[in-house]
Amino acid sequence: MDYSVKRQFILNGSMSKVILTLSAPIMFNNFIQTLYNLADTYWVGKLGSNEVAAMGLVFPFIYLIISIGMGMNVAGTALISQYVGTNDTGNAKLVAGQIFTFSLILSTILGIVGFFTTDHLVGIVKGDAAVLDLSSQYLSIMFLDMPVVFLFFVYNSIKQGQGDTYTPMVLNVCGVLLNIVLDPIFIFTFDLGIRGAAIATIISRGIFAAYAIITLFSKKQPINLTRKNLKLKKDLLFQILKVAMPASIGQSAAAFGFIILNAFVLSYGTATLAAFTIGNRINSLVLMPAMGIGSSIATIIGQNLGAGKNDRAKLAFKTSVYLSTLFMVAGCTILLIASRNVVGIFVKDDPEVLKLGIRYLRLICVGLPLMGIFQTLIGTFQGSGHTGYSMTMEMGRLWGLRIPMIVLFRYFTDWGSDSVWYSMLLSNLFICILGYLIYLKGTWQQKVIHEKAVI
């Protein structure tokens, strides 16, 4: 499906078909990415529970940095999709060039700073010395991957803004499959342990990210990069940052919140953190349809708002809520039935981690339908370019609700680690109610692009 046909499909096609067509590649990509995460956990788990806990401990730090790049990704998708909706490819190319240059500069700086400050960052979390040492080994190498991650975000935002979710999926799947192959080689054959997992990730991502960036400069692409587009323009960059910053702040605040959350989980013991890490990896398998729909709706909302089809944008939201909830209910049912067998795949000879993992998975999957609604709301606000609303939801869920609940339950109940899981369920419920009230206001329907050209 070429550029013009895809644009007409998004603006006029059957809404359920549009959502499923755009979200299917994202779902499959998420599925493959989750398989990689599970494979990574499987191979690292053979090293021991400390290594698994170390990976879980540093993930929020990685996510904290990546969230900045995700903000640029959100801004790029929102602005490009709205310009595509108005059939203005000139300004779409300019936006693409700006986010490419800015992301390259920023990610290089963040990667270098992060590499040299790894020990200080990990030192923020108090815990077992062996786990913290392993965390530092893994995190310092992963910081070198930041430019690759940011530039692939740029590629993804440019393609997704056009409604092309298939091509980024193909490249990412190739990278993930290569990563799965390289993991045991670097971890065991080269005897690099947890550092080997990080090195395998950098190599596999780097190869396909480089190819993706090269294709962006091809004249065969409807929205391609040129040297002229790469020169930063203050006014346009400011417009992009106005959309990107709330998204980045929301993602970063959420990432930092997860660091605090991990600290609370770790306070209940290394086994609890290992169970939490394994449970989240399994949970992410079931979440992939909701995440795919949430990502695809950003493009659909953006293009339809750009074309002035606000009623169709609202139809996209309602249809997405219905589809994602349906997927989540099905996934929740499967997890409740098969939780013991699934957790048992990743836990060997550690009955405490097995017990805690099953308990966590069974409790948290009850609230999975709420995550379908949450992801749809986030995708709607991000696609419309009103990222302040998505920031409110992401920050409010953790800092306004979850962490205060965890503290209260810790000191005023005897629930133990269950208090963290209950806090997660309740915070998801309350933030979805808040998000829906924001949606009903209708202010998210206002365009964020300039009506006049900025070329």
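Placed above this text is the structure.
Reference entry: report on the structure contained in this document. All of these numbers come straight from a predicted model, not from anything done at the bench.

All right, on to the packing of aromatic side chains then. In this description, an aromatic ring pair is defined by two values, namely the gap between the centres and the angle between the planes. Following the criterion strictly, the structure yields 16 aromatic pairs and no others. Seen in terms of ring centroids, F152 and Y155 are 5.8 Å apart; in terms of plane orientation they differ by 40 degrees. Their pairing is tilted. Linking F152 with Y155, this pair stays in helix α7 (residues 146-161), spanning three residues, or about one helical turn. The exposure class assigned to F152 is buried, which follows from its relative accessible area of 16%. Between W415 and Y422 the ring centres are 5.1 Å apart and the planes differ by 80 degrees, which places this aromatic pair in the edge-to-face class. Taken together, the ring pairs connect F317, Y436, Y439 and W444 into an aromatic cluster. Cation over ring: R410 sits above Y268, and NZ or CZ is 5.0 Å from the ring centre.

Now for the pattern of salt bridges. Applying the stated criterion across every chain yields a total of three salt bridges. For the salt bridge of R205 with D145, the shortest nitrogen-to-oxygen distance reads 2.4 Å. Of the two residues, R205 sits in helix α9 (residues 194-216) while D145 sits in the loop between α6 (129-142) and α7, which places them 60 residues apart along the sequence. By relative accessible area, which is 0% here, D145 ends up buried. D418 is paired through a salt bridge with R359; the nearest N and O atoms lie 2.8 Å apart. A residue pair is termed long-range when its members are at least 10 positions apart, and D418 in helix α17 (residues 418-441) and R359 in helix α14 (residues 351-365) qualify at 59 residues.

Tracing the chain through its elements places T201 in helix α9. Apart from residues no more than four positions distant in its own chain, T201 is found in contact with Y36, M142, D145 and N179.

The residue S107 is located in helix α4 (residues 89-116) in this model. The class of S107 is buried, set by a relative accessible area of 0%. Excluding residues that lie within four positions of it along the chain, S107 makes contacts with M146, P147 and F150.

Quick notes on the rules
- Residues numbered from 1 in each chain as written.
- Predicted model: local features only at pLDDT ≥ 70, side-chain atom pairs only at ≥ 80, totals over all residues.
- Heavy atoms only, no water.
- Phe/Tyr/Trp six-rings, centres within 6.5 Å; stacked < 30°, edge-to-face > 60°.
- Helix = DSSP H or I, 4+ residues; strand = E, 2+ residues; numbered from the N terminus.
- Buried < 20%, exposed > 50% of the residue type's maximum accessible area, 1.4 Å probe, protein only.
- Lys NZ or Arg CZ within 6 Å of the ring centre and 35° of its normal.
- Salt bridge = Lys/Arg side-chain N within 4 Å of Asp/Glu carboxyl O.
- Contact = heavy atoms within 4.5 Å.

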